[in-house]
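An overview of the molecular structure
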Amino acid sequence: EAGVVQSPRYKIIEKKQPVAFWCNPISGHNTLYWYRQNLGQGPELLIRYENEEAVDDSQLPKDRFSAERLKGVDSTLKIQPAELGDSAVYLCASSPGTSGEVGETQYFGPGTRLLVL
Amino acid sequence: QKEVEQNSGPLSVPEGAIASLNCTYSDRVSQSFFWYRQYSGKSPELIMSIYSNGDKEDGRFTAQLNKASQYVSLLIRDSQPSDSATYLCAAHFAGKSTFGDGTTLTVKP
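Once a new chain begins, its residue numbering starts again from 1 and follows that chain's sequence as written. Ligands are numbered from 1 and chains lettered from A, in the order in which they are written. The predicted origin of the model limits local features to residues at a pLDDT of at least 70 and limits the giving and counting of side-chain atom pairs to 80 or more, whereas totals for whole chains, interfaces and linings rest on all residues. With hydrogens and water stripped out, all remaining heavy atoms of the structure feed into the side-chain values.

Notes on the environment of Ala-67 of chain A
Residues and elements named next belong to chain A. A run of H or I in DSSP becomes a helix once it reaches four residues, and a run of E becomes a strand once it reaches two; helices and strands are each numbered from the N terminus. Among the structural elements, Ala-67 can be located in strand 7 (residues 65-68). In this structure, the C-alpha to C-alpha distance between Ala-67 and Glu-44, residues 23 residues apart in sequence, is 16 Å. We call two residues contacting when some pair of their heavy atoms lies within 4.5 Å. Beyond its immediate sequence surroundings of up to four residues, Ala-67 is in contact with Ile-47, Tyr-49, Thr-76 and Leu-77.

Section: the interface of chain A and chain B
Contacts between chain A and chain B engage 20 residues on the former and 20 residues on the latter. Accessible area, probed at 1.4 Å, shrinks when two parts are joined; the buried area is that loss added up over both. Taking both sides of the interface into account, the surface hidden between chain A and chain B amounts to around 1600 Å²; carbon and sulfur atoms contribute 47%. In protein, a polar contact requires one atom able to donate a hydrogen and another able to accept it; more generally it is a pair of N or O atoms within 3.5 Å, and residues adjacent in sequence count only if both atoms are side-chain atoms. Joining chain A to chain B, the criterion identifies nine residue pairs in polar contact (both at pLDDT 80 or more). Broken down by element, the residue count for the side of chain A that touches chain B peaks at three residues, all from strand 4 (residues 31-37) of chain A.

Brief notes about the state of the cysteines
Two cysteines joined by a covalent bond between their sulfur atoms form a disulfide. Residues and elements named next belong to chain A. When two cysteine sulfur atoms are found within 2.5 Å, that pair is recorded as a disulfide. Under the definition given, this model contains two disulfides over all chains. A disulfide bridge connects Cys-23 with Cys-92, and the sulfur atoms are separated by 1.9 Å. One disulfide, between Cys-23 and Cys-92, carries an S-S torsion of -65° and so falls in the left-handed class. Here the residue Cys-23 occupies a position in strand 3 (residues 19-24), and Cys-92 occupies one in strand 9 (residues 88-95), the gap between them amounting to 69 residues. Only protein chains enter the accessibility calculation, which uses a 1.4 Å probe. A residue is then buried if its area is under 20% of the maximum for its type, exposed if over 50%, and partly exposed in between. You can call Cys-92 buried: its relative accessible area is 0%.

So, the nonpolar core
Residues and elements named next belong to chain B. Buried Ala, Val, Leu, Ile, Met, Phe, Trp, Tyr and Cys residues form a nonpolar core when they are joined through side-chain atoms within 4.5 Å. One finds Trp-35, Val-72, Leu-74, Ile-76 and Tyr-87 to be the most contacted residues of the largest nonpolar core, which totals 23 residues. Looking at this core, the elements with two or more residues in it are strand 3 (19-25), strand 4 (32-38), strand 5 (45-50), strand 7 (61-66), strand 8 (71-76), strand 9 (85-93) and strand 11 (103-108). Apart from residues lying up to four places away in sequence, Tyr-87 is in contact with Gln-6, Leu-21, Trp-35, Tyr-36, Arg-37, Leu-74, Ile-76, Gly-102, Thr-103 and Leu-105.

Some thoughts on the sheet that holds strand 1 (residues 5-7) of chain A
Residue and element names in this part refer to chain A. Sheet architecture is open: four strands sit in the order 1-3-8-7, paired in antiparallel fashion. The open sheet terminates on both sides in strands that have one partner only, identified here as strand 1 and strand 7. If you compare each strand with its neighbour and ignore which way they point, the axes differ by 15° on average. Two strands qualify as a pair provided DSSP detects at least 2 bridges between them. As paired elements, strand 7 and strand 8 (residues 75-79) share four bridges and run antiparallel to each other. Looking at strand 8, one finds that Phe-65 is bridged to Ile-79. Fitted lines through C-alpha atoms serve as axes, helices being fitted only where they are in contact, and the angles separating the N-to-C directions of these axes extend from 0 to 180 degrees.

A look at the environment of Gln-41 of chain A
Of note, Gln-41 of chain A is situated in the loop between strand 4 and strand 5 (44-50). Separated by 12 residues in sequence, Gln-41 of chain A and His-29 of chain A place their C-alpha atoms 26 Å apart.

Concerning the sheet that holds strand 7 of chain B
Residue and element names in this part refer to chain B. Spatially, the five strands line up as an open sheet ordered 1-3-8-7-6, and their pairing is antiparallel. Edge positions in the sheet fall to strand 1 (4-6) and strand 6 (54-58), since each of these pairs with one other strand and no more. When strand polarity is set aside, the average angle formed by the axes of neighbouring strands in this sheet is 20°. Note that strand 6 and strand 7 share five bridges and pair antiparallel. Within strand 7, the position partnered with Asp-58 by the bridge is Phe-61.

Structural notes on the pattern of salt bridges
Residues and elements named next belong to chain A. For this analysis, a salt bridge means a side-chain nitrogen from Lys or Arg found within 4 Å of a carboxyl oxygen belonging to Asp or Glu. Counting across every chain of the model gives eight salt bridges over all chains. Asp-86 is the salt-bridge partner of Arg-36, the closest N and O atoms lying 4.0 Å from each other. Of the two residues, Arg-36 is situated in strand 4 and Asp-86 in the loop between strand 8 and strand 9; the sequence distance between them amounts to 50 residues. The salt bridge partner of Arg-64 is Asp-86, with a shortest N-O separation of 2.6 Å. Highlighted residues: Arg-64 in the loop between strand 6 (53-56) and strand 7 and Asp-86 in the loop between strand 8 and strand 9, separated in sequence by 22 residues. For the pair Arg-64 and Asp-86, one class covers both residues: buried.

Quick look at the structure:
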């Protein structure tokens, strides 16, 4: 079974430029998460989707960040314009989405390492 | 105060010893707890989940949960150099996981 796929793996941009990250979850997983992980810290949730609905975007900086999950499968996270402080690893994860141990287990993609200069 | 607290370490143990990793959480509504291992430059991977008070064993790993004390731990028996990584604790409720900042474990040969 293929895991969570993310692209690109690395991205270097200048500040004020736009950037987009793509994620394809594990087939059949209804719940999709975008996290940001700064060096030495744990992942912080940016947005969570249940199918195509964003059910938790309270931590998403909406002035510059946007996300979409069309058709409830793959998802795109965009930053426009990027700031120096956005340098981090952006992780996508998916889970089956049902309650209980199996449904709530999250599987992470390899992440996109963003460097803003 | 973070919702999920972990000692940052580093925690260093000799090969073959028991490594004990601890985690406390502040939100009493958290219902399930996950331990993830993260190698440097890699993404987190699930080690164990635990839902009920008590111990849960899986191979060399034992997770312990005490909801009254809001405390979760992970024991690694017969530690190997390949166990050297950062271990993340996550508390889960209503579809959302809150992560600690992780404890870095080094197992010395």
